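Summary of the model geometry
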Amino acid sequence: MTTSPISAPAAPVADAGALTGKRRVAFASFVDENYLPGFLVLLRSLALSNPDVCEDFIVLHDDLRPASVARIRALHPRVIFRRVDAGHYDSYVKGDQDNYLVRKAYFILDVFRIRDYDTVITLDTDMVVLGPIKELLALRHGLAAVAQFFYGDRTRMLNSGLLVIQKEYLTDAFCAKLDAIGRSGRYELDKHDQGILNALLDGDFVDLDPKYNFVKRRLSGDLPVPEDTAVLHFTGRHKPWQGGEAGYGQAQERWTGFDLTDAELHAAYLENPDPLHRDLLVHYGTPHVERTGDVTTARRVALAHIGAGDYQAAVDILERVHLPVDEAWPHEVYGHALMSVSRYEEARAQLLLATAAPNRAATAFSRLAQIAWVHGDDTQARTYALAGLTVDPTHRASRIWHQRTLGVPPQAQGSPGDQLAHVAFYMDRQGNAGDKLLPESVRLAFDPDTTSRRWHSVHAHRLFDEAALERVNARKGLVIGGGGLFIPDTMPNGNSAWQWNVPDELLERIDVPIAVYAVGFNAFDGQSYRAERFRTSLRKLVERAAFFGLRNHGSIEKVRAMLPAHLHDKVRFQPCPTTVTRQLVADWQDPARREDTILLNGAYDRAGLRFGHDYGYFLAQMARAVEELGELAEVQCVAHSLDDEKLAFDLRREHGVSLPVIPMYDFDNDEIRGLYARTKLVIGMRGHAGMIPFGCGTPIISLVSHPKMAYFLRDIDRPEWGVSVHDRDLADLLVERSRDLLADHVKTVADVHGRQQELWKVTEANAADLRAILGG
């Protein structure tokens, strides 16, 4: 392997989905005005039968009226309309064909022209969804359909209407083959409306259970619909919205059950006892609240907004309804939303009301403790936290806030004129190990003395008020750094909309040099900064900073896109100091020998954004990989946080694979570095489960579920050291790459050192500028 200078990635950083490999899934239907009634029922049935499913829905059409478009949009929050070019298929038509069959032929061919998704599931407008279909969303290979046979003809054909199409079929080459068959006339459109596709596949498709496309004709004689039917297909010329057909009364009743008004749909969806998808809950719950003023629904919609990081929307929905004084839960959620947009006094009033109910009191008291702590009142925070523990001694949040008030670091050793102020996220005991190590690593990049003799700690999550401003301006400079501070939901506030709770007017009054050091843009794939507040705060910070360094080029691109052009050049590359640990830690010694271990790390914060529909697949692949990796070295699960232990628990429960668990969240910083330096290989899902061992000189493979891991690997020109958690061949790739890295371990470690040296050159060059800015 060759070593090359690191200054910028070879090509622009791709979008988040491309970097993480997260599968994009969509439904698709061809809709015209005649079949619109059937499609509206299909959408309602999908929502009511699968309330936790809400993927993009592509509506292919050649001429829908605006009123029809509005009716469709009212039923689905993620609908996308695409016009088809019906004229393209004129040469396909041989003789007089039924118009609907011809139009469906257009549709099926246009589905294969979709390029934005990894999996597309087609549904006919004469279908209703009666049962769970999440199994279809988890399919990853081939083109799947229900097989059918015509009387007297044993040729294997796929049934029309429902197809599960993977990305290898969504290509120009496959479309060209379909087009060639269509123009040749080598199909029977009058007999089978997917004749073109059948002619090309010739029976080569993945079989689905017939329950996913159960055709009406099997119920002739008014037979009941089987209980396990997932999708009922009203084939034939007599459609349910046209009155149906004699002899199929029980099937017709199932369709009619979904022929609802919008208000009836909203009420039925909200009454569903099963988990509800956040987008559908908001889409149906918001008009329901406007129509009825229902407090329970308003609270649920607000929680959905909070879960998505849209705190102002949560405030807005609860402000539309009257909250009864004796209903604690809505007041607690309202207080949570208000504190998240920094309306602290109003939040305090709502949370105090919520403490009256035993089932909400502990949570309300913990939030009151948080507000007090944010404002620097440790005594009051401790009182509230103890009140929460009195109500529920097991309440984790109350315990965390109580411990935080007892662990305030001393600030009395040095004189202010010799100190740098340091804004960072200072992790609690048993908190994330990577975040625990970060503040010290940042300080090492400036001074070997990381104690309060040289540093004045400013916790990013505490409100930066007049007193904090005075303390910072008494120092010789301000360093901001210690993690992915540009993330909207770790500790939300309305002052900046990122982790440092600083109002604009106080940021502008900082009169010492500001150095933003190795901060990351940490939004997940599927997560966004919704508020203009963040952009404004970011711009002011860049304008005010004398040094603005981000820890990877992906973050640089994301941040520059939010800034005016004249500020772009101020944003520079500064690697995370954990990646150059061997250069920063005094008297560092590489291990004389390494333990025969492979450390495996998982991550479960925001699991839905990390795994999508693929967690079961990921777990099965990891079970197989762990067993094969065990032939190379002992595999141990290393937990950066308590939640990370879930990987070991799930592997044992679901697949009988047992791993020892190392509770790194209990380690001090030297123990963290020591463990990572002694192992042979780290396979990690957290960003710092890659960057810390790399900085200690240990080979890594990243389980990519967040763009930042791919950003780092691109920066060191080793993208092959990452494997997406969604990869079809995850287990095989992990084992193969692990075997390659371990085969000549000395050479691999040397490569890690070489890559690290390039990051160190960047760090040293930046250090020269920082010495000039901060006065040595």
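Here, every reference points to the structure presented above.
Here the structure is a predicted model, which means the values were calculated and not measured.

1. Some remarks on the overall build of the chain
- Helix and strand content of the chain: 31 helices and 22 strands.
- Only carbon and sulfur atoms are counted for the fraction: they give 49% of the accessible area of the chain, which is about 30500 Å².

2. Re the packing of aromatic side chains
- Per the stated rule, a full pass over the model turns up 23 aromatic pairs.
- Summarising the aromatic geometry, the rings of Trp498 and Trp500 are spaced 6.2 Å apart at their centres and angled 75° between planes, so their arrangement reads as edge-to-face. The exposure classification of Trp498 matches that of Trp500, with both residues buried.
- Through pairs of rings, three or more aromatic residues link up here, namely Phe464, Phe486, Trp498, Trp500, Phe534 and Phe548.
- Directly above the aromatic system of Tyr248 lies the positively charged group of Lys216, at a separation of 4.7 Å from the ring centroid.
- Note that Arg404 overlies the ring of Trp373, its terminal NZ or CZ placed 4.7 Å from the centroid.

3. A word on the pairing of strand β4 (residues 119–122)
- Covered by surrounding structure in β4 are Thr119 and Ile121 together with Val120 and Thr122, the residues of both alternating faces.
- The sheet contact formed by strand β1 (residues 25–30) and β4 spans four bridges and is parallel. Residue pairing in the sheet places Phe27 in a bridge with Ile121 of β4.

4. A short note on the environment of Val626
- Within the element layout of this structure, Val626 appears in helix α25 (residues 615–629).
- With a relative accessible area of 6%, Val626 lands in the buried category.
- Sequence separation of Val626 and Leu469 is 157 residues, and the distance between their C-alpha atoms is 51 Å.
- Among all residues touching Val626, those that are not within four sequence positions of it are Leu600, Val635, Leu651, Val657 and Leu659.

5. Points about unusual backbone geometry
- Its identity is not glycine, yet Asp202 carries a phi of approximately 55°, on the positive side.
- By the element assignment, Asp202 lies in the loop between α7 (195–201) and β8 (206–207).
- One non-glycine residue with positive phi stands out, namely Ala518, at about 60°.
- Along the chain, Ala518 falls in strand β14 (residues 514–519).

6. A look at the pattern of salt bridges
- Scanning the entire structure with this criterion turns up 44 salt bridges.
- Among the salt bridges present, the one from Arg348 reaches Glu345, with a minimum N-O distance of 2.5 Å. Here the residue Arg348 and the residue Glu345 both occupy positions in helix α14 (residues 344–354), the gap between them amounting to three residues, near one helical turn.
- When its relative accessible area of 21% is taken as the criterion, Arg348 is described as partly exposed.
- Linking Glu466 and Arg509 is a salt bridge whose minimum nitrogen-to-oxygen distance equals 2.7 Å. With Glu466 in helix α19 (residues 466–473) and Arg509 in the loop between α20 (504–507) and β14, the pair connects residues that are 43 residues apart, well separated along the chain.
- Arg509 gets classed as partly exposed once you look at its relative accessible area, which sits at 41%.
- Each of Arg24, Asp56, Arg78 and Asp279 takes part in one network of salt bridges that share partners.

7. Let's talk about helix α11 (residues 295–307)
- Taking 1.5 Å per residue, 13 residues should reach 18 Å; α11 reaches 18 Å between its end C-alpha atoms and fits that length.
- Residues of α11 that are buried: Val295, Thr297, Ala298, Arg299, Val301, Ala302, Ala304, His305 and Ile306.
- Where the residues of α11 are buried, they touch α9 (262–270), α10 (278–292), α12 (311–319) and α13 (328–340).
- The first or second residue beyond α11 is Gly309, which carries a positive phi of 80°.

8. Some points on the side chain of His726
- Within the secondary structure, His726 is located in the loop between β22 (722–724) and α30 (730–743).
- Exposure remark for His726: the relative accessible area of 4% places this residue in the buried category.
- Polar contacts involving the side chain of His726 include one to the side chain of Asp614, which spans 2.8 Å.
- Look past the residues within four positions of His726 in its chain and what remains in contact with it is Thr20, Gly21, Lys22, Arg23, Arg140, Arg610, Phe611, Gly612, Asp614 and Tyr617.

9. A short note on the pairing of strand β15 (residues 547–550)
- Residues Phe547 and Gly549 point to one face of β15 and Phe548 and Leu550 to the other, with burial holding for every one of them.
- Bridging between β15 and strand β16 (residues 571–573) involves three bridges; their strand directions are parallel. The residue bridging Leu550 from the neighbouring strand is Phe573, located in β16.
- Once you follow β15 into helix α22 (residues 553–560) and on to β16, the crossover reads as right-handed.

10. Some details on the sheet that holds strand β21 (residues 700–704)
- Pairing in this open sheet of six strands is parallel, and the strands run β19-β18-β17-β20-β21-β22 from one edge to the other. Edge positions in the sheet fall to β19 (661–663) and β22, since each of these pairs with one other strand and no more. On average, adjacent strands in this sheet sit at an angle of 25° to one another, irrespective of strand direction.
- The pairing of strand β20 (residues 681–684) with β21 spans three bridges and is parallel. The residue of β21 that forms the bridge with Ile683 is Ile701.
- Sitting on the sheet, helix α29 (residues 707–715) touches β20, β21 and β22, and the angle it makes with β21 is about 145°.

11. Some details on α22
- Restricting attention to buried positions, one finds in α22 the residues His553, Gly554, Ser555, Ile556 and Val559.
- Of the surrounding elements, those touching the buried residues of α22 are α21 (532–544), β15, β16 and α29.

12. Let's talk about the packing of helix α2 (residues 36–49) against helix α3 (residues 66–73)
- Contact geometry of α2 with α3 gives a least axis separation of 10 Å together with a crossing angle of 15°. By the criterion of interaxial angle, the relationship of α2 to α3 is roughly parallel. Crossing geometry of α2 relative to α3 is assigned as right-handed. Counting all contacts with α2, which are made through Leu36, Phe39, Leu40, Leu43 and Arg44, the residues of α3 involved are Ser68, Arg71 and Ile72.
- In terms of residue class, the contact of α2 with α3 is built from five nonpolar, one polar and two charged.

13. Section: the nonpolar core
- Counting residues in hydrophobic clusters, the biggest one holds 114 residues, and the most contacted among them are Phe486, Trp500, Phe548 and Phe618.
- With nine residues, the single largest contributor to this core is α25.
- Setting aside chain neighbours within four positions, we find Phe618 in contact with Tyr604, Phe611, Leu647, Met685, Leu703, Val725 and Leu730.
- Ile121, Val231, Ile317 and Phe365 belong to the second largest nonpolar core, which has 100 residues in total.

14. Let's talk about the sheet that holds strand β12 (residues 455–459)
- Pairing in this open sheet of six strands is parallel, and the strands run β12-β11-β13-β14-β15-β16 from one edge to the other. In this open sheet, the two strands that pair with only one neighbour each are β12 and β16. Taking each pair of neighbouring strands and ignoring which way they run, the sheet shows an average axis angle of 25°.
- Summarising the sheet, β14 and β15 pair through three bridges and their orientation is parallel. By the bridge assignment for β15, Val519 is matched with Leu550.

15. A closer look at the packing of helix α15 (residues 358–374) against helix α17 (residues 396–406)
- Viewed as axis vectors pointing N to C, α15 and α17 meet at an angle of 25°, and their least axial separation amounts to 8 Å. Judged by the inter-axis angle, α15 sits roughly parallel to α17. Considering how the two elements wind past one another, α15 and α17 form a crossing that is left-handed. Residues Ala362, Ser366, Ala369, Gln370 and Trp373 of α15 form the contact with α17, whose participating residues are Ala397, Ser398, Trp401, Arg404 and Thr405.
- For the contact of α15 with α17, the class distribution of residues is five nonpolar, four polar and one charged.

Basis of the calculations
- For every chain, the first residue of its written sequence is number 1, and the numbers climb from 1 along that sequence.
- It should be noted that, the model being predicted, local features are given only for residues of pLDDT at least 70 and side-chain atom pairs only at 80 or more, the latter also being counted only at that level, while totals for whole chains, interfaces and linings use all residues.
- Each side-chain value is worked out from all heavy atoms of the structure, with water and hydrogens disregarded.
- Numbered from the N terminus, helices here are DSSP runs of H or I no shorter than four residues, and strands are runs of E no shorter than two.
- Each accessible area is a Shrake-Rupley result for a 1.4 Å probe, and residues are judged covered by the shown protein chains and nothing else.
- Between rings of Phe, Tyr and Trp, where Trp is taken as its six-membered ring, a pair exists when centres lie within 6.5 Å; planes separated by under 30 degrees are stacked, by over 60 edge-to-face, and by other angles tilted.
- With a 1.4 Å probe rolled over the protein chains alone, any residue whose accessible area is under 20% of its type maximum counts as buried; one over 50% counts as exposed, and the rest are partly exposed.
- Should the NZ of a Lys or the CZ of an Arg lie within 6 Å of a ring centre and within 35 degrees of the ring normal, that charge is described as sitting over the ring.
- Two strands make a pair as long as DSSP finds a minimum of two bridges between them.
- Whether two residues touch is decided by their heavy atoms; if any such pair falls within 4.5 Å, the residues are in contact.
- Salt bridge, as applied in this entry: a Lys or Arg side-chain nitrogen positioned within 4 Å of an Asp or Glu carboxyl oxygen.
- One fewer than the residue count of a helix, multiplied by 1.5 Å, yields its expected span.
- Contacts described as polar in this section are N or O atom pairs within 3.5 Å, which, within protein, must combine one atom able to donate a hydrogen with one able to accept it, while residues neighboring in sequence count only if both atoms come from side chains.
- By convention, orient the strands away from the viewer: a clockwise path from the first strand over the helix to the second makes the crossover right-handed.
- Inter-axis angles, ranging from 0 to 180 degrees, are taken between N-to-C directions of lines fitted to C-alpha atoms, where helices are fitted over the stretch in contact.
- By definition in this entry, angles of less than 35 degrees are roughly parallel, angles greater than 145 are roughly antiparallel, angles of 65 to 115 are roughly perpendicular, and the rest are oblique.
- By definition, any crossing whose near helix is turned counterclockwise from its far helix by less than a right angle is left-handed, and any crossing with a clockwise turn is right-handed.
- By the convention adopted, Pro, Cys, Tyr, Trp, Phe, Met, Ile, Leu, Val and Ala count as nonpolar, Lys, Arg, Asp and Glu as charged, and the other residues, Gly among them, as polar.
- We call a set of buried residues a nonpolar core when its members are Ala, Val, Leu, Ile, Met, Phe, Trp, Tyr or Cys and they connect through side-chain atoms within 4.5 Å of each other.

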